[in-house]
Every structure is written in C-alpha cells, then in structure tokens.
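If you want the building blocks of each chain, they are given just below.
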Amino acid sequence: MASSIDADRALRDLRDVVVRSTIWSSLAHADIRSKYRLSTFGSLWITLTTGALALAIGLFYGQFFGQDIHSYLPYFTASYITWTFIASVLGEASHSLVGAGNLIKSSQMPIVFHILRMLHRNLIIVLHNAIVLIAIWPFVRWSLHPSAVLSLAGLVLLYLFLVGTSAIIAIICVRYRDVPPLIQVLIQFLFFLTPIIWYPEQLKFGTEFLKLNPMTYMLMIVRDPILGRPVEIQTWIIAIGLSAASLIAGSLMYVRFRRRIAYWV
Amino acid sequence: MPSIVLENLTIDIPVLSIRARSLRTIAVAKARAIGGRIIDSGSHVSVVRALDQISFTLGRGDRLGLIGPNGAGKSTLIRVLADIYAPSAGTIERQGTLIPMFDIGIGFDPEATGYENIMLRGMMMGLTRREIAARTDEIAAFSELGEYLDLPIRTYSAGMTLRLMFSIATSVAGDIILMDEWISVGDESFQIKAQKRMLEITGKAGILVIASHDPNTLLQHCTLGMRLEKGRVADFGPIERVLNRPVHAVAE
C-alpha cells in the first residue's frame, strides 16, 4: 500500500488551497457570473430576492414576538442572511463532489477545490445579501457600535467552520448517496432550533438545549456584533473551538479518503 | 528526464450497488449483527479488477500505444498515469509534467465567451489567472476563432468548439502526453495544423501514451505497443509486432 504517497498528495492539495487560492475563488466568481449572465440586474437579483423576503417577514413577524419593527426587521434580516449562508453551504456540500464527478475523473485539479469553489460561491452571495442590511439601516437606524466590525471576524470564523464541515459532508455524501436528503432534514431541523426568527432570550425552557446547538454560536458571532447585541466571550471561545475542530476533522477525513473519492464519484 | 515506472500496479474499482450506496443498508446490517445473527451483511460492494499487476517502464522518447477491446482497461490505465486513480496495489512512479489530452471538453460553460472559457478551462488545468493570461493570445491565434472568441461558445459550431478545446489543451508545456483516442479537429486546413502541432508536441515530449482502436494512428505515432485484455498485459513490445500478432495467438 502506497499510503504515505496518498497522504502526501492529499496534504499537497490542502497546501494548494492556500497557495493557489485564486483558482477556486475565480471559479466561484465565474459560477456567479455565469448564473446571472443573461439577466438585467445580474447578480443583484440575489440582493433583491433576499431584500423582498426580509422585508415581508421582518415587517410582519415582529408582532408575533412582541417586538418593535425597528429592532425586529434588522434582527431578522441579519439572521436570515447568515442562516441562508450556513444552510446553502451545508446543502450544496452534499452535492459538491458528486456534481463535479466528471471533473474529478478527468483533471488534476485538487479535489478539495470543488468544495471550496462551492463555499466561495456562497460567500459571494452572502456579501451581496449584506447590501440589504446596509440598505435598511437609514430607515431603521439601530445603534451601530465600533464593535460591529467583529461581525467580519465572525464571518471569517464561520467560513472556516464551514470549510471543515463541508468537507466532511461532501466526502460522506459521495460514498453514501442517501445522506443528502438526511442533510436537508437536519438543516430544516436546525432552522427551527436556532434563534433565527426568534430571540434566544425569549426562550422559557430549553436554553440548555440551545447551548448544545453549534449553529447558535456560529450564527451569533456573525449576526450579533453588527446589531449591537452583546456577544459573550464564552460564545467566541466556543465558536473558535468549533471552527478548529471542524477544520481538523475535515482535513483528517480528506487525507484519509482522498484516494477513494475518484472511485466513488 | 521524464519517466514512468509501474510495478505490479493493480486497480480495483468498487462497484457500489444502490444498496451499498445507502447508509440505511449499513445501519440495518449493523443492527442485525447486534441481534446476534447476521442475516445479510448487506453491503454489496463488488469489485472490478480493472488493471491486474501491470508492470512496465517508459523513458524519454517512448511512445506507447494501448490496444485492446472495450473494457480492457485502456482508459483506466490512462487515468492512473494521470494521477486520478490511486493504485489499489503496486506502485507508480512518474517524473515529468503531464499534458492530459483526454476529456478536454469538460468544464466549459456554454454561456461564457471563448475568452472566458479559456480562463475557466485553464484554471481547471491548474493554471493561475496570470499564467493563463500569458498564453491567451497564443491560444486565440492558434484556434483561428478571431472575434468569435468574444461570443458565448453556445453559438459555436461543434468544430469550432473542438478547435478551442484543442488549442487550450495543447497550450501547456509538458513532457508526458496522455491521450484517449487521437484527437482530430476541425476542417481540413485546421486538421493539418492540429496534426502538425500534435506531432510537434509528441516529437519533443518525452513520453506519449495513447489508447486507440485505430491501427494506422498507432503505427504512425507509436514506437511501443501494449495489448490489454481484461486488465492484464497480453502483449508488450514494438508496435508493429503487437499490432500484427493475432489476438488468439496471445492467449497461447
């Protein structure tokens, strides 16, 4: 068994993720350009779609939670944008390698690039969606603190967390083809258990359970700073831990199974 | 100095049945095992031995033609040499830079322009934007597509698309060419030009490995021949001999 050669190859791929990052990021940009090429607003459609939904839900749903629209609209918008990022990445991760099957079997491109291409495509979408938040600020004017920039740090952490998680999901899904629907169920499940449309402080019981949901932390570190909501240091520590753990697990899994992927797709 | 050394290389391709692809099957199989009695292991992973104990050495100037019936393992061997399939057993050592010339059309976006596709395909070949930009002019000139390169390739004829694919694939420098069937492209004048370029590359390239069913192509371009049958090397030697030796004689 030439296992050390295989491990070397996988590690070289992982190094290329950093060294040749322009390749997967450019491919992601090309995907976005390709998708919106023939439409008038181009990729602004992403922004418009999110804007319409955020407005519809944000304007009306606040009353169910006894919240003023001035606080609920930005809360929901920021939540929704962040959650869409998480949900689309996890959902698309299950198809990322299966969908790239032809390329995997015909090119030398590191297999992990297909996962990062998908992830980066979704990051571009998130940045488009962030415009919605900026656009509603003049109307709602929630108080912006300098600490709002911590949301960017949160986004970086979330990105890293999703790199690892997507790699794990993508590799499992390329081997077991009945897992993608399971992932969809899980995403649905998490949507209702994560404080996205409701506030965590409104929870009367089940707060312990909320603490077990990793998505809560990953969502809060991106959403809360920009809204001026305090983020406990403990939340940051857990988020950093989750990101590190997911990156390590994802890398180990990639090193272990890289050689099998071409056979499975 | 390019070289390829294969030693007892074996490739087992798992054929995962619908059941083996299912996590549920595995879970059920495990659950049954816990019950103390294995009714059906349920994992249904059968394995096809696509290549069986292949050994050979190629060095500078060697041009190997792979022949054999469909399913003999020719394309699999090409993909092993291209570093896509990792050996199940045995070893492969390769020195030199690859020019893969199979599946050269994968990754193109029909809605994108010719120029954008040069970029796209270039990146899939592992080149950075700068590296691609440096050779775009040359690719454009060779393809002779002129201002068509500013149009989406969905508007191209099949021949034009192939011209672009060929021009991109042959734009990289390397010394090991891998081909699954000889590529013939475009109209008569372009075919001559393409042929000339292929000869140029194969001429200066250290090693060419091509899988083909066409004896004339193989005689014209190869020095060595290898007949594969059911994943085993049935014959290996000078191309004329391998081609002329009757298939049934090999078995004896």
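1. Focus: the overall build of chain A
Part 1: Each helix and strand counted, chain A has eleven helices and zero strands in total.
Part 2: Counting from the amino terminus, helix and strand elements in chain A follow one another as α-α-α-α-α-α-α-α-α-α-α.
Part 3: Considering only C-alpha atoms, chain A reaches an extent of 65 × 50 × 35 Å along its principal axes.
Part 4: In chain A, 78% of the contacts between residues at least 6 apart in sequence involve partners at least 24 apart.

2. A short note on the overall build of chain B
Part 1: Along the backbone of chain B there are nine helices and nine strands.
Part 2: Here chain B holds 252 residues, and 38% of them are scored as buried.
Part 3: Considering only contacts in chain B between residues 6 or more positions apart, those separated by 24 or more positions represent 71%.

3. So, the interface of chain B and chain A
Part 1: At the junction of the two partners, chain B supplies 30 residues and chain A supplies 24 residues.
Part 2: Of all the secondary-structure elements, those providing two or more residues to the side of chain B that touches chain A are β1 (3-16), α1 (23-34), β5 (98-100) and α3 (114-124) of chain B.
Part 3: If one sorts the elements of the side of chain B that touches chain A by residue count, α3 of chain B sits on top with three residues.
Part 4: Here the residues of the side of chain B that touches chain A sort into 17 nonpolar, five polar and eight charged.

4. Overview of helix α6 (residues 188-204) of chain B
All names here are of chain B.
Part 1: The first and last C-alpha atoms of α6 sit 24 Å apart over 17 residues, in line with the 24 Å expected at 1.5 Å per residue.
Part 2: Those residues of α6 that fall on the buried side of the exposure criterion are F190, A194 and M198. In an axial view of α6, the angular spread of the buried residues amounts to 75 degrees, which keeps them on one side of the axis. Exposed side of α6, more than 90 degrees from the buried face: E188, S189, I192, K196, L199, E200, G203 and K204 are the residues found there.
Part 3: Residues of α6 that are buried in the fold lie against α5 (158-169).

5. Some words on helix α10 (residues 214-227) of chain A
Residues and elements named next belong to chain A.
Part 1: Helix length check: α10, at 14 residues, gives a terminal C-alpha distance of 20 Å against a target of 20 Å (1.5 Å per residue), a fit within 8%.
Part 2: Along its length, α10 shows its largest kink, about 40 degrees, at M220.
Part 3: Burial analysis of α10 places twelve of its 14 residues in the buried class, which makes it a mostly covered element.
Part 4: Listing the buried residues of α10 in full gives M215, T216, Y217, M218, L219, M220, I221, V222, R223, D224, P225 and I226.
Part 5: Looking at the buried positions of α10, the neighbouring elements they touch are α4 (69-99), α7 (150-175), α8 (179-193), α9 (207-212) and α11 (233-264).

6. Looking at the sheet that holds strand β4 (residues 89-95) of chain B
Residues and elements named next belong to chain B.
Part 1: Spatial ordering of the open sheet is given by β2-β1-β4, a layout of three strands whose pairing is antiparallel. With one partner strand each, in any of the chains shown, β2 (45-58) and β4 form the two edges of the open sheet. Across the sheet, the axes of successive neighbouring strands diverge by a mean angle of 30 degrees, strand direction being ignored.
Part 2: Here ten bridges tie β1 to β2, and the two strands are oriented antiparallel to one another. Considered in β2, the bridge of I13 is made with V48.
Part 3: Against the sheet, helix α2 (residues 74-81) engages β1, β2 and β4, with an angle of about 65 degrees to β2.

7. With respect to the sheet that holds strand β7 (residues 207-211) of chain B
Residues and elements named next belong to chain B.
Part 1: Within the open sheet, the six strands sit side by side as β5-β6-β7-β3-β8-β9. Their pairing is mixed. The strands lining the two open edges of the sheet, one partner per strand, are β5 and β9 (232-238). When strand polarity is set aside, the average angle formed by the axes of neighbouring strands in this sheet is 15 degrees.
Part 2: When strand β6 (residues 176-180) meets β7, the two strands line up parallel, connected through five bridges. When the bridges of β7 are listed, L178 appears paired with V209.
Part 3: Packed on one face of the sheet, α2 meets β3 (63-67), β6, β7 and β8 (224-229) and runs near 150 degrees to β7.

8. What about the nonpolar core?
Part 1: Core analysis: the biggest nonpolar cluster contains 127 residues, and A170 and M218 of chain A together with L66, L178 and V209 of chain B have the highest contact counts within it.
Part 2: Sorting elements by how many residues they give to this core places α4 of chain A first, with 14 residues.
Part 3: For V209 of chain B, the contacting residues outside a window of four places in its chain are L64, L66, I78, L81 and L178 of chain B.

9. Here we look at the environment of M160 of chain B
Part 1: By secondary structure assignment, the location of M160 of chain B is in helix α5.
Part 2: Sequence-distant contacts of M160 of chain B, defined by excluding residues within four places in its chain, comprise L145 and Y148 of chain B.

10. What about the packing of α4 of chain A against α7 of chain A?
The angle between the axes and the distance between the axes are what describe a pair of packed helices.
Residue and element names in this part refer to chain A.
Part 1: Their axes nearest at 7 Å, the elements α4 and α7 cross at an angle of 40 degrees. One element, α4, and the other, α7, form an angle in the oblique class. Considering how the two elements wind past one another, α4 and α7 form a crossing that is right-handed. Packed against α4, whose contacting residues are I86, V89, L90, A93, S94, S96, L97 and V98, the element α7 presents L162, T165, S166, I169, A170, C173 and V174 at the interface.
Part 2: Looking at the contact of α4 with α7 residue by residue, the class counts come to eleven nonpolar, four polar and no charged.

11. Points about unusual backbone geometry
Residue and element names in this part refer to chain B.
Part 1: In the Ramachandran plot, D83 falls in the positive-phi region, its phi being about 75 degrees despite a non-glycine side chain.
Part 2: Topologically, D83 is positioned in the loop between α2 and β4.
Part 3: Of note in this structure, E181 is not a glycine but carries a positive phi near 70 degrees.

12. Re the confidence of the model for chain B
Residues and elements named next belong to chain B.
Part 1: On average, residues of chain B score 86 in pLDDT, and 91% of them reach the 70 mark or higher.
Part 2: Across residues 36-41 the pLDDT falls below 50, and counting only partners more than four positions away or on other chains, this stretch makes five contacts in the model.
Part 3: Predicted complex metrics record ipTM = 0.83 and pTM = 0.89.

13. Concerning the environment of I210 of chain B
Residue and element names in this part refer to chain B.
Part 1: Within the secondary structure layout, I210 lies in strand β7.
Part 2: A C-alpha to C-alpha distance of 7.8 Å links I210 and I78, two positions 132 residues apart in sequence.
Part 3: Setting aside residues no more than four positions away along its own chain, I210 makes contact with G65, L66, M179, W182, H221 and C222.

14. Observations regarding the confidence of the model for chain A
Part 1: Confidence in the prediction for chain A averages 91 pLDDT; 99% of positions are at 70 or higher.
Part 2: Within chain A, the lowest mean pLDDT, 85, falls on α9 of chain A, and the highest, 96, falls on α7 of chain A.

About the cut-offs
Residues numbered from 1 in each chain as written. Chains lettered and ligands numbered in written order. Predicted model: local features only at pLDDT ≥ 70, side-chain atom pairs only at ≥ 80, totals over all residues. Helix = DSSP H or I, 4+ residues; strand = E, 2+ residues; numbered from the N terminus. Contact = placed C-beta atoms within 7 Å. Buried ≥ 20, exposed ≤ 12 C-beta atoms within 10 Å, placed from the backbone. Nonpolar A, V, L, I, M, F, W, Y, C, P; charged D, E, K, R; others polar. Expected span 1.5 Å × (residues − 1). Arc of directions from axis to C-beta. Bend = angle between axes of the 7 residues up to and from the residue. Pairing = 2+ DSSP bridges. Axes fitted to C-alpha atoms, helices over the stretch in contact; angles between N-to-C directions. Core = buried A, V, L, I, M, F, W, Y, C linked by C-beta atoms within 7 Å. Parallel < 35°, antiparallel > 145°, perpendicular 65-115°, else oblique. Left-handed = near helix turned anticlockwise from the far one by under 90°. pLDDT = per-residue confidence, 0-100.

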